[in-house]
Structures are given as C-alpha cells and as structure tokens.
Amino acid sequence: MIAAFGIRKYFNVKQSMLSNLMLKAVDGVDLKIRKGEIFGLVGESGSGKTTLGRILVGLLEPTEGDVLFDVDEDVTSRYENALLKGDKEELEALSKKYSIFKKRGNNRKILRRKMNIVFQDPYSSLDPRMRIIDIVKEPMIATDYLKGEAAEKRVLDLLEEVGLGKSFAQRYPHELSGGQRQRVAIARALATEPEFVVLDEPTSALDVSVQAQILNLLKKLKQERELTMLLITHNIAVVSYMADRVGVMYAGKLMEVGDKIQVLKNPKHPYTVSLISAVPQPKPRSIRQRIVLKGEPPNLIFLPRGCIFHPRCPFAFEECGWSTDEIVDDLSYLISSKYYESFGESVSIRTKDENTIIIENAKAELISEIVEKEKANLKSLTAIKKITQEVNYVEIKIHDFITPELYKLDDGRKVACLLFRAEEKNA
Amino acid sequence: MKEKEVLYEYALKAGLNGIEEQIFAIWNREDIHEAKKEKMIIDLAKDKLGLFERIGLKLARKGMLKIPLISRLARRALIKEGYRVAKELLSSLGIPQVDSVVKMYPHELSGGMRQRVVIAIALANNPDVVILDEPTSALDVTIQAQILELIRNLRKKTNAAFLFISHDLSVLAEVSDRIAIMYAGKVMEVGRVEQIFEEPLHPYTKMLLDVIPTMEKDTLKPAKGTIPDARYPPPGCPFAPRCPFAKEDCLKFDREIAVTKDHIVSCILYENKK
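Model, not experiment: these values are computed from the prediction.

(A) How the structure looks around the overall build of chain B. A tally of helices and strands in chain B yields 11 helices and 6 strands. Taking all contacts inside chain B whose residues are at least 6 apart in sequence as the whole, residues at least 24 apart take part in 46%.

Below is the structure:
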C-alpha cells in the first residue's frame, strides 16, 4: 500500500528580479492505493496526472507533502492524526521510517526494486542504442537485484511472459512495432519483481487492437502477481475496463475518488458528470444527456480561487470562490452594453478590495434589480451579498468563499464539491 | 431582450445593412449569453466599408485589380473584408472575442481554439466536401465534445458533405451517417452507422467493436499480430493472416459484395449469401 499526503509540486516558470511565478502542477493531493488494486487516475491533459505518478515512484521530489510506501492502515491513520494535531515529532519519525524521499543508500536501491514505471511513449522511452536484453536488464543491475547470467536468464523469461519470445532479446528498439516496444517497457518495469507499478498512459500511442492486447496482458500480470498499479490515462474507456478504484483530477487537484462503478456510472462531482457525459459512446443515435462544458481548463499559474472548477461549472453558486474581478467583468459588460440605456456613459466600476466593488454614478436599486434578473445566466452574480447606496457611489459586498475539500459521502467515495458538504455532516 | 426584428431594425439604423449574414452568424451562436450577442452586433459597425472601398472591392471582383488606382482602392477594402469574413466565420464557430483572436498567432491559442480555426479555414470558401482528418484525436474529451457538437451543428447549417477520418469508432458513432472500415489500404466494409455497430459483417469490424474497452467486458478479444507491412501486402484479403475464420481461398479473394443495397462487405464468408 502506498499513501501520499498533501502532495504539492510547483514548477518555476519565470525568474526575474521581480517576479517568480509558480506553475501549480499538483496542488494538495491525498491519495491511498491499496495493495493489489488498480487505481485509475483520469483527467484532461495538464491536470497533473503524470506529475503525480512520477512523484509516487520518487522520480520527482514534491515541493510539499510526503509519500509513504509499504505502509498499512495503522501507520496511515497514525500519520493522519499527527497531521491533524500538528505533532511534528511523530510526523518526523513516521516519515523517516516510511517516506520514499528519506531513504538513502542501500535502502533506496531496495525501494527502487519495489516500484517501477511504464512511460507514456514507447517510441522515446527505450534507448535506441541498447539491445532489448540490455534495456530489460538495466534496472536489475542498477538496483543490485540480479547480475550476470541470472539476470540474462530472467530477461528471457520476462520477454516470454509479456508475449515477445526469446528471439527479441538481441534486437534493437527500432526493429520493433509500437505494441512490441510497449511490451518491452512492461517487461523492464517488471524486471525487479516490483510491488507497485505506475502505468503512465500505457496505450495512448497504440492502435485499438494492440491496445486491447496490452490491456489484457496487464490484467493477466496483475492477477498472477498481485501487483498494485496506478493507471494514468485520459481515456475513460480504458479506466472503466481496467481499474478497481478511480480518481478524477482537474488542474492539479483530485475532484472525486471512489469505487469505479460508483464514480463512472453515477458520478457526483459536476466535473466528473460532464467529463463522463462527454465521452463518445459506441452506440449510434443513443439519446443521452450531454453536458458540454464551456471554456478550457484554467491557467495553472493563476488558479481561480475557491473551487478551481467554478468558472466552468454549470452548478456554481455563491460560495464557490467568485472573485471581484470575475464579477466586475460581468457587471461592466451588463452596464456598458446590455443595459446601456439606463446607465449612460458616466458609470465607472472598479474593485476596492478583495470583497468590495464600487460603482460610481449609479443607483443601488437599479443594480440590484439587474442582478436579480441576470443571476440565472451569469453565475458570478450569485456571489453578490449586499448592495448599498453611499453618498455618491454604490458599494457591493460579495460572499466569502469556501475552498472545497474532499468530502466523504455515505457510499465511501470522496467528492471535492461544496454541493456535498452538507451530506458529509449528516453522514 | 429585444426581438430579432427589433434588433435587425436597430442594425439598419446603425448603418449595418449589407452584413446581415454576419449578424445572423452571431445570432445563431448558442454558447454565449444573448446580451453579449447584441454588443457584438453593434460592434460590427466598426467593420463597415466606406463608399470608395465598396467601389474598389466591386471593381476588384470584376478583375480590374491590375489597374493601379483601383488596386490601391481595393487593397484596403480587401483586407478589411478579409478580416470581416474571418471574424464572421470564427464567431459562428464559437470563438469568443473574435476581434482580438484574429490578430493572434497560432501559438497563443489553445488546442480547441486552433481546431476551430482550422475548421474555419476549411469552410472559408463554402466547399462542397470537407475532409476532417482526425480532427479531435489531439484533444481532451471535454474539448472533443465541444468540437463534435460544432461539427454536428455545421452539418445542419451547411450543405457540404463531410468525410470524417478517425481511428476512434466511438467518435464516428457520434457524428457519422455512413462508415467505411479500412484495413491495410483496402475498404473492408461500408454501411450505415447502425449497420456497422449493430450488425457488423466483416470479422475485422467485429474485432474492432470487440476491443473497445468498457466496464461490462471481462476480457477483450483482439486479433493476433499487427497490421501487415504495406511494402509487402499479403495476397488476397489483407486481414486473412489475422482472421479467425480464414480459409485457403481468402488468399485469392479480392472483391466487394453488396449484402444489402447500402451495406457492402469485402469478405469471402458472404460470397454465397448475397
């Protein structure tokens, strides 16, 4: 079992004298993968799936947070309690014992044997100047798992097991097709008898029939060896076929985590709902409700506040994290174009501070009337709390926002959406 | 909200006559709030051509662009008109803030927007046939859904025929009327979309449908091997080496059989059933 707590990974994008912007690839993810399960991680490109996968096998070090490997329920709950209480000594002790980033020397080599990764693109993840036998042998040698003839014999066994045959051992990667290369990559990942394998888009570069061959192979391997797998993919069909549990990522955060059937058949988070409704089905002329999301995923440098999904969310309401800028954009559009006749030229609108907007030369009544009318169309207006008339300007206060956490529902899944905050309290 | 006619009158008053098409292009968009449309339509006044420019354009269209004075008159008009047509097309394809988008470089646009621009390029000259070569395979599912919706709407609005090339059968199920399945350079099966998905005939089509992963399936049944080397294609039916029903005669078979009027299959199994 592998457990990740509060993983954050920020990349520097611009370093100058004045600005140092951070790209928030993964922003606060807690994840537990049980022994022997396939955990599917879905999300759009740029949602941080691959970064998270690389952190879990220790290829990247997170900016914040920790990954504990080979821990049981007991240890994770102790760690969680310590996190809640802020017990630094306990955290240190646990992290020293289990964290994959604290292991050094021989321990690190042993850890390296236990976890491995299959990369996305089989055309660039194999060294073109190495023979297949050397490629598959490399992790065994690097981690002192096996040496010499024993290693070579194991390579041949592995190649047989992934369905390639011994004759492939002396070939070079360019002689193989995409599916064969991906089999080599899988053989390499399995070389040191790992317990945990990350599969980063294992089939997205492959044909459908080859994809099916690889998926079948992975399923077979999982059953034979009780492997724990993290399957990273953007293809919901693949996840629905392979995974036991599913996590949905959006802009570096987990939106929904739960059992595959629950999450994919009966999604709760508005993002999951729209994501799954957007997946094309191989059933022509089937009638179903499709929610086509507006816009694009957010800029990862300047994330929207509150719930990161709120600008695109069809169910957004007042506490979802609307900022004054968003409201000013919509209001100024209403004032300067739609209701131009009633306002005229002299109205000016600006933000005063984080929660206040000021409109000069306007009347409070008129504005509140318009806000009431347009609320249904422009979701940002729901965040307006109070409109008051001052001597020569109108002051608009907006609601405080709440950042959603993963709320646990009755059926065991977790959803990061404010719509389900109340349900957790009841449960 | 003003009625369409009222708005139209307003447009006439603002001197927007002559660009009704563009007004309706904006009006027909579904993705933006109605009030925003009004502003966009009113903004169109900026693009209106002056008297001399209109004359220049008219003469240029008659092929008098080689005369220096006319070319000078027409050039500005052509650029302005080009921008206008571009904006009209882009806005009808659901691109917000066209005024700034037309002046951007491709790298400033996101994947979905680029795909819309490419579709706009294809539609610019009112073609009879539009070939869409994997238009959504580089996109995310939510953006793919936007583009598929757009293509479905375009089908209703235009008279063009669309040839949609894709490796993803699920996408084809969403957009197409008829499907042809190709394998190693040959057409294996042609039929209406229901025929292909509900009563596939060719073993290759059946295999393709079998390997779509779903929650209900326990195991997928892919055919062994991979597509043949196109330099040395196998004789006869190219799928025969992988086909579970292959016979000796398959190596000589190379014909299309019309099982029903609009369902054509290229497989020896159906030779006697026509």
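Moving on from the model shown.
(B) Quick look at the overall build of chain A. Secondary structure summary: chain A contains 15 helices and 15 strands in total. Taken across its 427 residues, chain A has 44% of its residues classed as buried. Put simply, 63% of the contacts in chain A that link residues at least 6 apart link residues at least 24 apart.

(C) View of the sheet that holds strand β4 (residues 186-192) of chain B. Residues and elements named next belong to chain B. Read from one edge to the other, the open sheet built from 4 strands follows the order β3-β4-β6-β5, with strand pairing classed as antiparallel. The sheet terminates laterally at β3 (178-183) and β5 (257-260), the two strands that pair on one side only. Neighbouring strand axes in the sheet, compared pairwise and without regard to direction, differ in orientation by 25 degrees on average. Pairing analysis gives 6 bridges linking β3 to β4, with the strands arranged antiparallel. Among the inter-strand pairings, R178 is bridged to a residue of β4, identified as R192. Here helix α11 (residues 203-210) sits on the sheet in contact with β3 and β4, set at roughly 100 degrees to β3.

(D) Looking closely at the packing of helix α4 (residues 51-61) of chain B against helix α5 (residues 68-92) of chain B. All names here are of chain B. One way to put it is that α4 packs onto α5 with a least axis distance of 7 Å and a crossing angle of 100 degrees. The angle between the axes of α4 and α5 places the two elements in the roughly perpendicular class. The residues of α5 that touch α4, namely those facing F52, E53, R54, I55, G56, L57, L59 and A60, are I70, L73, A74, R76, A77, L78, K80 and E81. Residues that form the contact of α4 with α5 fall into these classes: 10 nonpolar, 1 polar and 5 charged.

(E) Quick peek at the environment of S19(A). One can find S19(A) in the loop between β1 (2-15) and β2 (20-33). Between the C-alpha atom of S19(A) and that of T403(A), which follows or precedes it by 384 residues, the distance is 26 Å.

(F) Inspection of the packing of helix α2 (residues 73-85) of chain A against helix α3 (residues 88-98) of chain A at higher detail. All names here are of chain A. Put simply, α2 and α3 touch, their axes get as near as 9 Å, and they point 145 degrees apart. In terms of crossing hand, the pair formed by α2 and α3 is left-handed. Side by side, α2 and α3 meet where V75, R78, Y79, A82 and L83 of the first sit next to E90, L91, L94 and Y98 of the second. Looking at the contact of α2 with α3 residue by residue, the class counts come to 7 nonpolar, no polar and 2 charged.

(G) Quick look at the sheet that holds strand β3 (residues 38-43) of chain A. All names here are of chain A. Read across the open sheet, the 8 strands follow the order β5-β6-β7-β3-β8-β9-β15-β14; overall the sheet is mixed. Of all the strands in the sheet, just β5 (115-118) and β14 (407-408) have a single pairing partner and so form its edges. Pairing of strand β8 (residues 245-250) with strand β9 (residues 253-259), which is carried by 6 bridges, proceeds in the antiparallel orientation. Paired with Y250 across the strands is K253, a residue of β9. Packing against the sheet, helix α11 (residues 270-277) makes contact with β8 and β9, and its axis sits at approximately 100 degrees to β8.

(H) Expanded view of the interface of chain B and chain A. Facing 39 residues of chain B, the contacting portion of chain A comprises 38 residues. Those elements giving two or more residues to the side of chain B that touches chain A turn out to be α3 (34-43), α8 (141-157), α9 (169-175), α10 (193-198) and α11 of chain B. The biggest single contributor to the side of chain B that touches chain A is α8(B), with 7 residues. Here the side of chain B that touches chain A is composed, by residue class, of 19 nonpolar, 11 polar and 9 charged.

(I) Quick look at the environment of E80(A). Residue and element names in this part refer to chain A. Within the secondary structure layout, E80 lies in helix α2. Since 14 C-beta atoms lie within 10 Å of it, E80 is described here as partly exposed. Separated by 218 residues in sequence, E80 and P298 place their C-alpha atoms 30 Å apart.

(J) The pairing of strand β6 (residues 196-200) of chain A, seen in detail. Residues and elements named next belong to chain A. With 5 of 5 residues buried, β6 lies mostly within the body of the structure. Here β6 shows no split at all, with F196, V198 and D200 on one side and V197 and L199 on the other all buried. Both β5 and β6 contribute to a ladder of 4 bridges, which runs parallel. Within β6, the residue paired with V118 across the bridge is L199.

(K) Spotlight on α4(B). All names here are of chain B. Burial in α4 covers these residues: G56, L57 and A60. Around the axis of α4, the buried residues are gathered within 100 degrees of arc, so they sit on the same side. Where α4 is buried, its residues meet α5. Note on α4: the residue one or two positions beyond its end, G63, has a positive phi of about 85 degrees.

(L) Molecular detail of the confidence of the model for chain B. Taken as a whole, chain B shows an average pLDDT of 81; of its residues, 82% reach a score of 70 or greater. For this predicted complex, the interface confidence comes out at an ipTM of 0.80, alongside a pTM of 0.84.

(M) Summary view of the nonpolar core. Formed by 162 residues in total, the largest nonpolar core has its most connected members in L230(A), L231(A) and V248(A). A total of 7 residues in this core trace back to one element, the largest contributor, which is α8(B). Once residues within four sequence positions are removed from consideration, V248(A) is found in contact with V42(A), G43(A), L254(A), M255(A), E256(A), V263(A), H269(A), Y271(A), T272(A) and L275(A). Counting 5 residues, the second largest nonpolar core, distinct from the first, contains A60(B), L73(B), A74(B) and A77(B).

(N) Just unusual backbone geometry, in detail. Residue and element names in this part refer to chain A. Despite not being glycine, D70 has its phi angle at roughly 60 degrees, a positive value. Looking at the secondary structure, you find D70 in the loop between β4 (64-69) and α2. Residue D70 is classed as partly exposed on the basis of its 16 C-beta neighbours within 10 Å.

What counts, and where the lines are drawn
- Residues numbered from 1 in each chain as written.
- Chains lettered and ligands numbered in written order.
- Predicted model: local features only at pLDDT ≥ 70, side-chain atom pairs only at ≥ 80, totals over all residues.
- Helix = DSSP H or I, 4+ residues; strand = E, 2+ residues; numbered from the N terminus.
- Contact = placed C-beta atoms within 7 Å.
- Buried ≥ 20, exposed ≤ 12 C-beta atoms within 10 Å, placed from the backbone.
- Pairing = 2+ DSSP bridges.
- Axes fitted to C-alpha atoms, helices over the stretch in contact; angles between N-to-C directions.
- Parallel < 35°, antiparallel > 145°, perpendicular 65-115°, else oblique.
- Nonpolar A, V, L, I, M, F, W, Y, C, P; charged D, E, K, R; others polar.
- Left-handed = near helix turned anticlockwise from the far one by under 90°.
- Arc of directions from axis to C-beta.
- pLDDT = per-residue confidence, 0-100.
- Core = buried A, V, L, I, M, F, W, Y, C linked by C-beta atoms within 7 Å.

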